[in-house]
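Descriptive structure summary
Residue strings, one per chain:
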Amino acid sequence: NAGVTQTPKFRILKIGQSMTLQCAQDMNHNYMYWYRQDPGMGLKLIYYSVGAGITDKGEVPNGYNVSRSTTEDFPLRLELAAPSQTSVYFCASSSGTDNQPQHFGDGTRLSIL
Amino acid sequence: AQTVTQSQPEMSVQEAETVTLSCTYDTSESDYYLFWYKQPPSRQMILVIRQEAYKQQNATENRFSVNFQKAAKSFSLKISDSQLGDAAMYFCAPRAQGAQKLVFGQGTRLTINP
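Throughout what follows, the structure given in this document is the object of discussion. Computed from a predicted model, the values in this text were never measured in an experiment. Every chain is numbered independently, its residues counted from 1 as its sequence is written. For naming, the first written chain is A and the first written ligand is 1, with later ones following in the order written. Given that this is a predicted model, residues contribute local features only at a pLDDT of at least 70 and side-chain atom pairs are listed and counted only at 80 or more, while totals for whole chains, interfaces and linings are drawn from all residues. Side-chain measures were taken over the full set of non-hydrogen atoms in the model, leaving aside hydrogen atoms and water.

Some thoughts on the overall build of chain B
Selection rule: Helix and strand definitions follow DSSP, with helices as H or I runs of at least four residues and strands as E runs of at least two, each counted in order from the N terminus. All radius of gyration figures rest on C-alpha atoms, and the globule criterion is 2.2 Å times the number of residues raised to 0.38. In this scheme, a residue with accessible area under 20% of its type's maximum is buried, one over 50% is exposed, and one in between is partly exposed, where area comes from a 1.4 Å probe on protein chains only. Contacts were defined at the residue level, with two residues in contact if any of their heavy atoms lie within 4.5 Å. Only four residue types enter the charge count, namely Lys and Arg as positive and Asp and Glu as negative; His and the chain termini do not. Charged side chains are reduced to one point each, which is NZ for Lys, CZ for Arg, CG for Asp and CD for Glu.
A tally of regular secondary structure across chain B gives zero helices and 11 strands. Each helix and strand of chain B, placed in order from N terminus to C terminus, yields the pattern β-β-β-β-β-β-β-β-β-β-β. Here the C-alpha atoms of chain B give a radius of gyration of 14 Å, agreeing with the 13 Å that 2.2 N^0.38 yields for 114 residues. In chain B, which comprises 114 residues, the share counted as buried stands at 47%. When contacts within chain B are restricted to residue pairs at least 6 apart in sequence, long-range pairs at least 24 apart make up 54% of them. For chain B, the centre of its 11 positive side-chain charges and the centre of its 10 negative side-chain charges are spaced 6 Å apart.

Overview of the interface of chain B and chain A
Selection criterion: When two parts are brought into contact, each loses some accessible area as probed by a 1.4 Å sphere; the total of that loss over both is the buried area. Put simply, a salt bridge is a Lys or Arg side-chain nitrogen that is within 4 Å of an Asp or Glu carboxyl oxygen. Here a polar contact is recorded for every N or O atom pair within 3.5 Å, except that within protein the pair must consist of a potential hydrogen donor and a potential acceptor, and residues adjacent in sequence are included only if both atoms are side-chain atoms.
Listed as interface residues are 22 residues of chain B and, on the opposing side, 25 residues of chain A. At the boundary of chain B with chain A, total buried surface from both sides reaches about 1900 Å², with 49% on carbon and sulfur atoms. Of all residues in chain B, the largest losses of buried area upon contact with chain A belong to R43(B), R95(B) and Q100(B), amounting jointly to 33% of the total for that side. Counting every contact that joins chain B to chain A gives zero salt bridges. Our count for the chain B to chain A interface comes out at 10 residue pairs in polar contact (both at pLDDT 80 or more). Among the secondary structure elements, those contributing two or more residues to the side of chain B that touches chain A are β5 (32–39), β6 (46–52) and β10 (88–96) of chain B.

A few points about the state of the cysteines
Residue and element names in this part refer to chain A. Note the following rule: Cysteine sulfurs are considered disulfide-paired once they come within 2.5 Å of each other.
Tallied over the entire structure, the rule returns two disulfides over all chains. Disulfide pairing places C23 opposite C91 at an S-S distance of 1.8 Å. Of note, the bridge from C23 to C91 carries an S-S torsion of about -75 degrees and is left-handed in sense. One end of the pair, C23, is in strand β3 (residues 19–25); the other, C91, is in strand β9 (residues 87–94), and 68 residues separate them in sequence.

Describing the packing of aromatic side chains
Just so we agree on the cut-off: Only centres within 6.5 Å qualify two rings of Phe, Tyr or Trp (six-membered ring in Trp) as a pair; their planes then separate them into stacked at under 30 degrees, edge-to-face at over 60, and tilted for everything else. A positively charged side chain is recorded as over a ring if its NZ (Lys) or CZ (Arg) lies within 6 Å of the ring centre. The angle to the ring normal must also be within 35 degrees.
Applying the stated rule across the entire model yields 14 aromatic pairs over all chains. Taking 6.3 Å as the distance between ring centres and 90 degrees as the angle between the ring planes, the aromatic pair formed by Y32(B) and F68(B) counts as edge-to-face. Separated by 36 residues along the polypeptide, Y32(B) in strand β5 and F68(B) in strand β8 (residues 64–69) bring together distant segments of the chain. Like Y32(B), the residue F68(B) is buried in the burial classification. A network of ring pairs unites the aromatic residues Y31(A), Y33(A), Y35(A), Y48(A), F90(A), F104(A), Y37(B) and F104(B) as a single cluster. Directly above the aromatic system of F74(A) lies the positively charged group of R68(A), at a separation of 5.9 Å from the ring centroid.

Looking at the sheet that holds β5(B)
Residues and elements named next belong to chain B. Note the threshold: In short, DSSP must find at least two bridges between two strands for them to pair. Here an axis means a line fitted to C-alpha atoms, over the contact stretch when the element is a helix, while the angle between two N-to-C directions is reported on a 0 to 180 degree scale.
Read across the open sheet, the five strands follow the order β2-β11-β10-β5-β6; overall the sheet is mixed. With one partner strand each, in any of the chains shown, β2 (10–14) and β6 form the two edges of the open sheet. Each neighbouring strand pair of the sheet contributes to a mean axis angle of 25 degrees, computed without reference to strand direction. Here β5 pairs with β6 via six bridges, running antiparallel. Across the sheet, residue W36 finds its bridge partner in β6, namely I49.

These figures come from the coordinates and say nothing about function on their own.
Quick look at the structure:
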């Protein structure tokens, strides 16, 4: 079982560059999430989706965009990378049932220089 | 607004002893679900245990158990017989019934002393 797969695992970007962080899940989960985790801190929600074609903002959406064209995939787009976006990014998914947990990918470490 | 507080940024315990990590959830909801996640140095987020607020019995998973005090809105994580592999950041994350999102606490870094 692959679960939640994130690519790439590491990336270094220059200021102003763009990139897409990929996230795919094979559990047929309706709900998917993007978080960022700054050093020594907890997780902050960037965007989430409750199904294909439906997305919504979390706590810290500025500087990011998402799309959800399929149930399996939930890519996160950085349009103009800034040093403040240096962080570890986690994708997660869940069935949406109340007592079911979120399943997390292994994270992408992104550095903006 | 719903607030989750983990009041202990860092904790340490001797190997084989018991440690309790605190978490409080300030909410007006009566039904919710509580999750504890572990994040070891590998940085994976691993589910440790879950607790349903409507259940009177505290959840237990091997050496891990929840001490749920509903009136105090507190659900602490108790780790018995601590092992070196328990060293990690621990996050509590409640979710109100019907809510689409978890609310994560700030985390507690647990060190196990051999």
